[in-house]
Amino acid sequence: MRRLDEMEVKLTFVDDAVQALTTADADQSQRLAALERALRDLRGEIASMRVAQGSDPHDEPPPPHY
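Everything in this summary refers to the structure shown in the same document. Since the model is a prediction, treat every value here as computed from it, not as a measurement.

**Here's the deal with the overall build of the chain**
Looking only at helices and strands, the chain features one helix and zero strands. Taken against the 2.2 N^0.38 rule, which gives 11 Å for 66 residues, the C-alpha radius of gyration of the chain at 26 Å runs more than 25% over that of a compact globule. Sorting the 66 residues of the chain into buried and exposed places 0% on the buried side. Here the chain displays about 6500 Å² of accessible surface, and carbon together with sulfur accounts for 60% of that area. Seen as two clouds, the 8 positive and the 13 negative side-chain charges of the chain have centres 5 Å apart.

**Some details on helix α1 (residues 2-53)**
Relative to the 76 Å expected for 52 residues at 1.5 Å per residue, α1 spans 76 Å between its end C-alpha atoms, a close match to the ideal helical length. Looking at the residues trailing α1, positive phi occurs at Gly54, about 80°.

**As for the pattern of salt bridges**
Pairs can form between side chains of opposite charge once their charged atoms are near each other. Counting across every chain of the model gives one salt bridge. One salt bridge in this structure joins Arg2 and Glu6, with 3.0 Å as the shortest N-O distance. Placement of the pair is Arg2 and Glu6 together in helix α1, with a separation of four residues, close to one helical turn. Under the relative-accessibility criterion, Glu6 is labelled partly exposed at 37%.

**What to know about the environment of Ser48**
Here Ser48 lies in helix α1. In this structure the C-alpha to C-alpha distance between Ser48 and Pro63, which are 15 residues apart in sequence, comes to 22 Å.

**Here we look at a nonpolar patch on the surface**
A surface patch of nonpolar side chains, about 300 Å² in accessible area, is lined by Phe13, Val14 and Val18. The topology assignment puts Phe13 in helix α1.

Calculation criteria
Residues numbered from 1 in each chain as written. Predicted model: local features only at pLDDT ≥ 70, side-chain atom pairs only at ≥ 80, totals over all residues. Heavy atoms only, no water. Helix = DSSP H or I, 4+ residues; strand = E, 2+ residues; numbered from the N terminus. Rg over C-alpha atoms; globule rule 2.2 N^0.38 Å. Buried < 20%, exposed > 50% of the residue type's maximum accessible area, 1.4 Å probe, protein only. Areas by Shrake-Rupley, 256 points an atom, 1.4 Å probe, with all protein chains shown as cover. Lys, Arg positive; Asp, Glu negative; His and termini not counted. Charge placed at Lys NZ, Arg CZ, Asp CG, Glu CD. Expected span 1.5 Å × (residues − 1). Salt bridge = Lys/Arg side-chain N within 4 Å of Asp/Glu carboxyl O. Patch = residues over 30% accessible without salt bridge, like charges linked within 9 Å, V, L, I, M, F, W, Y side chains within 5 Å.

Taken by themselves, the reported measurements are silent on function.
This is how it looks when you write it as structure tokens:
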């Protein structure tokens, strides 16, 4: 009987750990998606600023380390 109780305690611990990891994974996924959206928006803003300034990145010479 004691062994069964120990197994139930361990199973409860594992179940709690899995639930915590699932929640953490969902939170991380939401944060990653938000960061990807922010990066996409920033890239769009930079491209718009370049167009407004009349500069095309393809016209620029390569950096000196090339």
